[in-house]
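Commentary on secondary and tertiary structure
Residues per chain, in single letters:
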Amino acid sequence: MIERERHGEGTESAVTVLRLAHGKVSALDRELVAALAQELATAEAAGSAVVLTGTGSVFSAGVDLFRLVEEAGEYRERFLAELCALFHQLVEFPRPLVAALNGHALAGGFVTACGCDYRIGVTGPATIGFTELKVGVPFPRIAQAMVLAVTPVHLREPMLYLAEPMPVAEAHRHGLLHELVSPGELAARALEVANRLAAVPPPAFAATKRQLREHQGLTDVADELDDLVAAWSSAGTLDAIRGFLAELRAKRR
């Protein structure tokens, strides 16, 4: 589900590489969210920086919509609470977080990347974007705050309302990604950036990151879970998700 590599273990510049490897597209479900939360907690306890990456041509395609419509309402309630908690954990992680986007990063997958301090993409056909409204679900408050923190003002409305994925080259041009490298260079470059950030004295890095998060409005976001669960569980929303999934199946035939 998550593959782990440790570099420089026991040193102040230690880096843990976490590779999402959950199904074909590392869709976010309760199990993956819990596993990532545990890995981040372990890395924080060890004082390790983290490189977060994926498998194959997909970093993460976002929330597992099939599970969302197939499971009982209790699943949605618990999943949304755990997903919001994970987003808060990413925002509050005191050590460096580098997102090494090996491919497509969509919806909750790119929101996860927005919680990182540095985002590196790969050249090629990959896309990034916030496709929530195409599916018919609203953003959790913490997720939208993370999105707004990294999205240029002139792109916020078109990216959120139109919900169309953006080619990585365009995302890099607009600053959503800090770098683009070839697929073969991604792992080494992400580790290089993580090592450089990890070399900053941890108290200074943590304080600077906390101040930046405060400036971005990410430290005092209250999740309205009851309203969120109600919105994601309404008959209209579930019908919209089913329609989206039906279109997706048709395209794959």
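Scroll up to find the structure this text is about.
Residues numbered from 1 in each chain as written. Predicted model: local features only at pLDDT ≥ 70, side-chain atom pairs only at ≥ 80, totals over all residues. Heavy atoms only, no water.

Looking only at helices and strands, the protein features 12 helices and 10 strands. For 253 residues, the compact-globule estimate of 2.2 N^0.38 gives 18 Å, and the C-alpha radius of gyration of the protein, at 17 Å, lies within 12% of that figure. Each of the three principal axes of the protein carries a C-alpha extent, and together these read 50 × 35 × 35 Å. For the protein, long-range pairs separated by at least 24 residues make up 72% of all intrachain contacts whose partners lie at least 6 apart in sequence. (Helix = DSSP H or I, 4+ residues; strand = E, 2+ residues; numbered from the N terminus. Rg over C-alpha atoms; globule rule 2.2 N^0.38 Å. Contact = heavy atoms within 4.5 Å.)

Turning next to the sheet that holds strand 1 (residues 2-7). Taken in spatial order, the 6 strands of this open sheet run 1-2-3-5-7-10, and their pairing is mixed. Two strands close off the open sheet at either side, each with one partner strand: strand 1 and strand 10 (179-181). Between one strand axis and the next, the sheet turns by 20 degrees as a mean value, whatever way the strands run. Strand direction decides the pairing type here: strand 5 (residues 97-101) and strand 7 (residues 118-122), joined by 4 bridges, are parallel. When the bridges of strand 7 are listed, Val98 appears paired with Tyr118. (Pairing = 2+ DSSP bridges. Axes fitted to C-alpha atoms, helices over the stretch in contact; angles between N-to-C directions.)

In spatial order, the strands read 4-6-8-9; together these 4 strands make up an open sheet with mixed pairing. Bordering the open sheet on either side are strand 4 (58-60) and strand 9 (166-167), each of which pairs with just one other strand. Of the strand pairs in this sheet, strand 4 and strand 6 (residues 104-106) are connected by 2 bridges, and their pairing is parallel. Note on strand 6: the bridge partner recorded for Ser60 is Ala105.

A few words on the environment of Ala169. Structurally, the position occupied by Ala169 is in helix 8 (residues 168-173). Considering only alpha carbons, one finds Ala169 and Val122, 47 residues apart in sequence, at a separation of 8.8 Å.

Evaluated as defined, the whole model comprises 3 aromatic pairs. Ring centres of Tyr75 and Phe79 lie 5.9 Å apart, and the angle between their planes is 0 degrees; this geometry places the pair in the stacked category. A residue pair is termed a helical-turn pair when its members lie 3 or 4 positions apart in one helix, as Tyr75 and Phe79 do in helix 3 (residues 73-92) at 4 residues. Each member of the pair, Tyr75 as well as Phe79, is classed as buried. Note on Phe130 and Phe139: the rings are 6.4 Å apart at their centroids and 70 degrees apart in plane angle, and the pair reads as edge-to-face. For the pair shown, Phe130 and Phe139 are each scored as buried. An aromatic cluster is built from Phe110, Phe130 and Phe139, whose rings are joined through pairwise contacts. (Phe/Tyr/Trp six-rings, centres within 6.5 Å; stacked < 30°, edge-to-face > 60°. Buried < 20%, exposed > 50% of the residue type's maximum accessible area, 1.4 Å probe, protein only.)

It is worth spelling out a nonpolar patch on the surface at this point. Nonpolar side chains collect at one region of the surface, where Leu133, Tyr161 and Leu162 lie side by side and expose about 360 Å² of accessible area between them. Position of Leu162 relative to the elements: it lies in helix 7 (residues 153-162). (Patch = residues over 30% accessible without salt bridge, like charges linked within 9 Å, V, L, I, M, F, W, Y side chains within 5 Å. Areas by Shrake-Rupley, 256 points an atom, 1.4 Å probe, with all protein chains shown as cover. Salt bridge = Lys/Arg side-chain N within 4 Å of Asp/Glu carboxyl O.)

Roughly 890 Å³ of internal volume is contained in the largest pocket. Lining the largest pocket are 35 residues; nearest its centre among them are Ala61, Leu65, Leu106, Phe244 and Leu248. For the lining of the largest pocket, the secondary structure elements donating two or more residues are helix 2 (65-70), helix 3, strand 6, helix 4 (108-114), helix 5 (132-135) and helix 12 (235-252). Looking at the lining of the largest pocket, the element that brings in the most residues is helix 12, giving 7 residues. Counted by class, the lining of the largest pocket contains 24 nonpolar, 4 polar and 7 charged residues. (1 Å grid on protein atoms, 1.4 Å probe; cavity = no way out; pocket = protein on both sides within 12 Å on 5 of 7 lines; lining within 4 Å. Points joined across faces, edges and corners; volume = space filled by probe spheres on them. Nonpolar A, V, L, I, M, F, W, Y, C, P; charged D, E, K, R; others polar.)

A word on the side chain of Ser60. Residue placement: Ser60 occurs in strand 4. Here the side chain of Ser60 touches Gly62 through a polar contact of 3.3 Å, landing on its backbone nitrogen. (Polar contact = N/O pair within 3.5 Å; in protein donor to acceptor, adjacent residues only side chain to side chain.)

Of note, Glu179 is situated in strand 10. With sequence-adjacent residues up to four places away left out, Glu179 is seen in contact with Tyr118, Arg119, Ile120, Gly121, His172, Arg189 and Val193.

What follows is about the pattern of salt bridges. Per the counting criterion, the structure on display carries 14 salt bridges. Between Asp117 and Arg213 there is a salt bridge, with its nearest N and O atoms 3.5 Å apart. Placement of the pair is Asp117 in the loop between helix 4 and strand 7 and Arg213 in helix 10 (residues 202-215), with a sequence separation of 96 residues. Given the relative accessible area of 22%, Asp117 is considered partly exposed.

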